[in-house]
Amino acid sequence: MLQVVLVEPEIPPNTGNIARLCLATDATLHLVRPLGFSIDDKALRRAGLDYWKETRGVLWDSYEELRAAHPEGRFWLLTTKTDRIYHTARFEPGDFLVFGRETRGLPEFVLAAHPEAQLTIPMTSKTRSLNLATAVAIVLFEGVRQLQTR
């Protein structure tokens, strides 16, 4: 199905909730170091409940290492710094949905290297961003919807 990438996630409950989303959609979860927590952290296990051990996950030392391991992969970068709405992308099986840190988003070098792959979730100007787990759920389930309706 799809691949979910969290680049330098900081908040354990968000990552636990995203692990549960990945399990529910048969997606693989990729975590890119440094992490803002230990994956043995009680808060992470509590957020992921007993699903954490069943989640297909891969731990990477850097975003560059992940990209190098998947040179043919299609990587979609989720950011507030573009106008291209996520549902205008045509998702394919195996696509990577890449999300940044809760406090800063994706690093600038990642965004600058691939402006054509940037997507956003539209929202009013009353808020800066959405909770990371909420953002992942929105885009991941749109990808699942697209793939199941073909």
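Structure first, text after, so check above.
Residues numbered from 1 in each chain as written. Predicted model: local features only at pLDDT ≥ 70, side-chain atom pairs only at ≥ 80, totals over all residues. Heavy atoms only, no water.

1. A short note on the overall build of the protein
When helices and strands are tallied, the protein shows five helices and six strands. Surface summary for the protein: the accessible area is close to 8000 Å², and the carbon and sulfur share equals 53%. A gap of 5 Å separates the mean positions of the 18 positive and 18 negative side-chain charges of the protein. (Helix = DSSP H or I, 4+ residues; strand = E, 2+ residues; numbered from the N terminus. Areas by Shrake-Rupley, 256 points an atom, 1.4 Å probe, with all protein chains shown as cover. Lys, Arg positive; Asp, Glu negative; His and termini not counted. Charge placed at Lys NZ, Arg CZ, Asp CG, Glu CD.)

2. Examining the pairing of strand 4 (residues 75–78)
The alternating pattern of strand 4 places Phe 75 and Leu 77 on one face and Trp 76 and Leu 78 on the opposite face, and all of these are buried. Pairing between strand 4 and strand 5 (residues 96–99): three bridges, direction parallel. Looking at strand 5, one finds that Trp 76 is bridged to Leu 97. (Buried < 20%, exposed > 50% of the residue type's maximum accessible area, 1.4 Å probe, protein only. Pairing = 2+ DSSP bridges.)

3. A closer look at the environment of His 114
By the element assignment, His 114 lies in the loop between helix 4 (108–113) and strand 6 (118–119). Sequence separation between His 114 and Leu 97 is 17 residues; the distance between their C-alpha atoms is 13 Å. Residues contacting His 114, with those up to four places away along its chain left out, are Arg 67 and Leu 77. (Contact = heavy atoms within 4.5 Å.)

4. Side note on the environment of Glu 10
If you trace the backbone, Glu 10 turns up in the loop between strand 1 (3–7) and helix 1 (12–25). Remark: the alpha-carbon pair of Glu 10 and Asp 26, spanning 16 residues in sequence, is separated by 23 Å. Non-local contacts of Glu 10, meaning those with residues more than four positions away in its chain, are made with Gly 36, Phe 37, Arg 101, Glu 102 and Thr 103. At 2.9 Å, the side chain of Glu 10 forms a polar contact with the side chain of Thr 103. (Polar contact = N/O pair within 3.5 Å; in protein donor to acceptor, adjacent residues only side chain to side chain.)

5. Some points on the nonpolar core
Generally speaking, nonpolar side chains in soluble globular proteins are found buried as a group. Core analysis: the largest hydrophobic core is formed by 28 residues, its most contacted members being Val 4, Leu 6, Ile 18, Leu 29, Phe 99 and Val 136. Top element by residues in this core is helix 5 (residues 132–148). It accounts for eight residues. If you look at the next biggest cluster of nonpolar residues, it comprises 14 residues, including Val 5, Phe 75, Val 110 and Leu 111. (Core = buried A, V, L, I, M, F, W, Y, C linked by side-chain atoms within 4.5 Å.)

6. Describing helix 1
With 14 residues, helix 1 extends 20 Å between its outermost C-alpha atoms, agreeing within 8% with the 20 Å of an ideal straight helix rising 1.5 Å per residue. The set of residues buried in helix 1 consists of Pro 12, Asn 14, Thr 15, Gly 16, Ile 18, Ala 19, Leu 21, Cys 22 and Thr 25. Phi for Asp 26, located one or two positions after helix 1, is positive at around 60°. (Expected span 1.5 Å × (residues − 1).)

7. Digging into helix 5
Spanning 17 residues, helix 5 covers 24 Å between terminal C-alpha atoms, matching the ideal 24 Å at 1.5 Å per step. Those residues of helix 5 not exposed but buried are Leu 132, Ala 133, Ala 135, Val 136, Val 139, Leu 140, Glu 142, Gly 143, Val 144, Gln 146 and Leu 147. On its buried side, helix 5 packs onto strand 1, helix 1, strand 4 and strand 5. At the N-terminal end of helix 5, a side-chain oxygen is found 2.8 Å from the backbone nitrogen of Ala 133, two or three residues along, and the residue is Asn 131.

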